[in-house]
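Chain residues, written in single-letter form:
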Amino acid sequence: MGRASVKENKNIYQLTRENLGYTRERAEEVLGAVSAERIEKIENEKTTAYPEEILCMAEKYNEPKLCNYFCSNECPIGKKYVPEIKTKELAQIVLEILASLNSMERKKERFIEIASDGTVRQDELEDFVYIQKELERISVTVEALQLWTEKMISIGIIDRDAYEEELKK
């Protein structure tokens, strides 16, 4: 059995593994496709993980947030286009979505006015940016809901087969 790490500023991959109580050797057994030596290099940031390794960790550790973290913080394309999603409770996610939708309801007519001529004039820019930011907040909150759902599926609280069947309807 390996010794416990006393390193400060552990990255998300090491924290996730340690929260499960896994040594690197045990993680190698669980992951199957990633060696203990490779895990050490990823955790000590001596190398960047491959997307396939992160997918494996996310699945085997039951932590779908690892994929979002990798994409938003380590992937060159994702850094530009993928926001990091914070893990939240369902009630908070729902309240944030409803608050954003209510805000957008009030701006719906203005959005139509701005878009009607296919351009954004200088006098419309402030409202346009506000609406764009609110839509981004909705998008991020919907992603938080998806991440929450994936976590609940991964730990068995939501039945995967039943969920996927409902999606097909």
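Residues numbered from 1 in each chain as written. Predicted model: local features only at pLDDT ≥ 70, side-chain atom pairs only at ≥ 80, totals over all residues. Heavy atoms only, no water.

Most of the time, phi is negative for any residue but glycine, and the peptide bond is trans. Phi is positive for asparagine 9, close to 55 degrees, though the residue is something other than glycine. With respect to the secondary-structure elements, asparagine 9 resides in the segment before helix 1 (12–19). For asparagine 62, which is not glycine, the phi torsion reads 55 degrees and is therefore positive. Along the chain, asparagine 62 turns up in the loop between helix 4 (51–60) and helix 5 (65–73). (Helix = DSSP H or I, 4+ residues; strand = E, 2+ residues; numbered from the N terminus.)

Attention now goes to the side chain of serine 100. Positionally, serine 100 belongs in helix 7 (residues 90–115). Judged by its relative accessible area of 6%, serine 100 falls in the buried class. The contact partners of serine 100, leaving out residues within four places of it in the chain, are Glu134, Arg137 and Ile138. (Buried < 20%, exposed > 50% of the residue type's maximum accessible area, 1.4 Å probe, protein only. Contact = heavy atoms within 4.5 Å.)

Mapped onto the elements of the fold, lysine 88 is located in the loop between helix 6 (76–81) and helix 7. Within polar-contact distance, the side chain of lysine 88 engages the side chain of glutamate 96 at 2.7 Å. In this view, lysine 88 contacts Ile93, Glu96 and Trp148; residues no more than four positions away in its chain are not counted. (Polar contact = N/O pair within 3.5 Å; in protein donor to acceptor, adjacent residues only side chain to side chain.)

Moving on, we come to the nonpolar core. Counting residues in each nonpolar core, the largest one holds 15 residues, and the members touching the most others are Tyr13, Leu31, Ile54, Met57, Tyr61 and Leu66. Contributions of two or more residues to this core are made by helix 1, helix 2 (24–31), helix 3 (36–43), helix 4 and helix 5. With 4 residues, the top contributor of residues to this core is helix 4. The contacts of tyrosine 13, once residues within four sequence positions are left out, are Ile42, Glu43, Ile54, Met57, Tyr61, Leu66, Tyr69, Phe70 and Glu74. (Core = buried A, V, L, I, M, F, W, Y, C linked by side-chain atoms within 4.5 Å.)

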